[in-house]
Amino acid sequence: MTQGPHFSDSQAALFDLDEAPVQPVPDSKLLPSYIKDHRARLRERFRIGGADALPDYELLELVLFRAIPRQDVKPLARQLLEQFGDFNGVISAPAMRLAEVIGVGDAVVTELKVVEAAAHRLAQAKVLKRHVVSSWDALLTYCQTAMAHGEVEQFRVLYLDRKNVLIADEAQGRGTVDHVPVYPREVVKRALELNATAMILVHNHPSGDPTPSGADIEMTEQIREAAEVLGLTLHDHLVIGKSQELSFKAEGLL
């Protein structure tokens, strides 16, 4: 099958429990008192102070409580953070990599992925059907939430109506660690199907460096030219890194 052009990053409880064996609590279904008290204290601190009152490992413990109800989860929380860097890195890590960590089974993976999905939905809700210019910061936050921690490149297109209201956010492709196939014809065709009049391109660089490659620049120009022929506007192309993003428009590349 002919390969299409691609962006390149050359530079750059609810579930059955099957985690590690739980030590039984003799003659009782209750938690050992030291674990029960610790969980109660964490929950109380969260209720009073919110997420800002807890470091990453304690916030992660709160998530793990549901998946592992009768075991001290602090060692697992610290192990996950050591493996994936921070809370966002743990939540966004691929299920297969999470499952490689000792003590992580289906219940833990599912709980973490539910939190990730909820975060994406909440961030998306702040930008979908809203005027892009007035919600630009929220748009950048959404792109960072959805893509910054991806281990392979993803290419998304944000389609806008004539009032620059975001009407659709669609993934156009997933690739490898340093490239993703992109087909300009399909990008523009989808805009016509949605009655969109403008677009914003978004893709991530798993390396963390948002500097665009030559292939990124070339493909952006191809999409811009194809869109222009049909009266569509390409507003920007955002490259999402681990902690920052790059705007083609701001850099004079578009």
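Treat the numbers as computed from the prediction; the structure is a model and nothing was measured. (Residues numbered from 1 in each chain as written. Predicted model: local features only at pLDDT ≥ 70, side-chain atom pairs only at ≥ 80, totals over all residues. Heavy atoms only, no water.)

Check the secondary structure of the protein and you find 9 helices and 7 strands. Here the protein holds 254 residues, and the buried ones make up 42% of them. Carbon and sulfur atoms form 52% of the exposed surface of the protein, whose accessible area is close to 13,600 Å². (Helix = DSSP H or I, 4+ residues; strand = E, 2+ residues; numbered from the N terminus. Buried < 20%, exposed > 50% of the residue type's maximum accessible area, 1.4 Å probe, protein only. Areas by Shrake-Rupley, 256 points an atom, 1.4 Å probe, with all protein chains shown as cover.)

Before going further, it helps to examine the confidence of the model for the protein. Of the residues in the protein, 84% reach a pLDDT of 70 or more, and the chain-wide mean stands at 82. The low-confidence segment residues 1–28 (pLDDT under 50) makes 77 contacts with residues lying over four places distant or belonging to another chain. (pLDDT = per-residue confidence, 0-100. Contact = heavy atoms within 4.5 Å.)

With that settled, consider helix α6 (residues 106–125). Helix length check: α6, at 20 residues, gives a terminal C-alpha distance of 28 Å against a target of 28 Å (1.5 Å per residue), a fit within 8%. Residues of α6 that are buried: A107, V108, V109, E111, L112, E116 and A123. Where α6 is buried, its residues touch α2 (56–67), α3 (74–84), α4 (87–92), α5 (95–98) and α7 (136–147). (Expected span 1.5 Å × (residues − 1).)

This next bit is on the pattern of salt bridges. Taken as a whole and judged by the stated rule, the model has 10 salt bridges. E221 serves as the salt-bridge partner of R224, at 2.6 Å between the closest nitrogen and oxygen. With R224 and E221 both in helix α9 (residues 214–229), this residue pair falls 3 residues apart, about one helical turn. Close ionic contact of R224 with E228 constitutes a salt bridge, the shortest N to O distance being 3.3 Å. Of the two residues, R224 and E228 are both situated in helix α9; the distance of 4 residues between them amounts to about one turn of the helix. The exposure class assigned to E228 is exposed, which follows from its relative accessible area of 53%. Within this structure, E170, R190 and E193 form a network of salt bridges that share partners. (Salt bridge = Lys/Arg side-chain N within 4 Å of Asp/Glu carboxyl O.)

α6 packs onto α2 with a crossing angle of 130° between their chain directions and a minimal axis gap of 9 Å. One element, α2, and the other, α6, form an angle in the oblique class. For the crossing formed where α2 meets α6, the hand is right-handed. On α6, the residues touching L60, V63, L64, R66 and A67 of α2 are A107, V108, E111, L112 and V115. (Axes fitted to C-alpha atoms, helices over the stretch in contact; angles between N-to-C directions. Parallel < 35°, antiparallel > 145°, perpendicular 65-115°, else oblique. Left-handed = near helix turned anticlockwise from the far one by under 90°.)

Judged by side-chain polarity, L192, V229 and L230 come together as a nonpolar surface patch covering roughly 300 Å² of accessible area. Summarising the element assignment, L230 is placed in the loop between α9 and β6 (233–240). (Patch = residues over 30% accessible without salt bridge, like charges linked within 9 Å, V, L, I, M, F, W, Y side chains within 5 Å.)

Next up on the list: the nonpolar core. Ranked by internal contacts, the top residues of the largest apolar core, which has 28 residues, are L60, L80 and L98. Of all the elements in the fold, those that place two or more residues in this core are α2, α3, α4 and α6. Looking at this core, the element that brings in the most residues is α2, giving 8 residues. Core analysis: the second largest hydrophobic core is formed by 18 residues, V127, M147, A148 and L166 among them. (Core = buried A, V, L, I, M, F, W, Y, C linked by side-chain atoms within 4.5 Å.)

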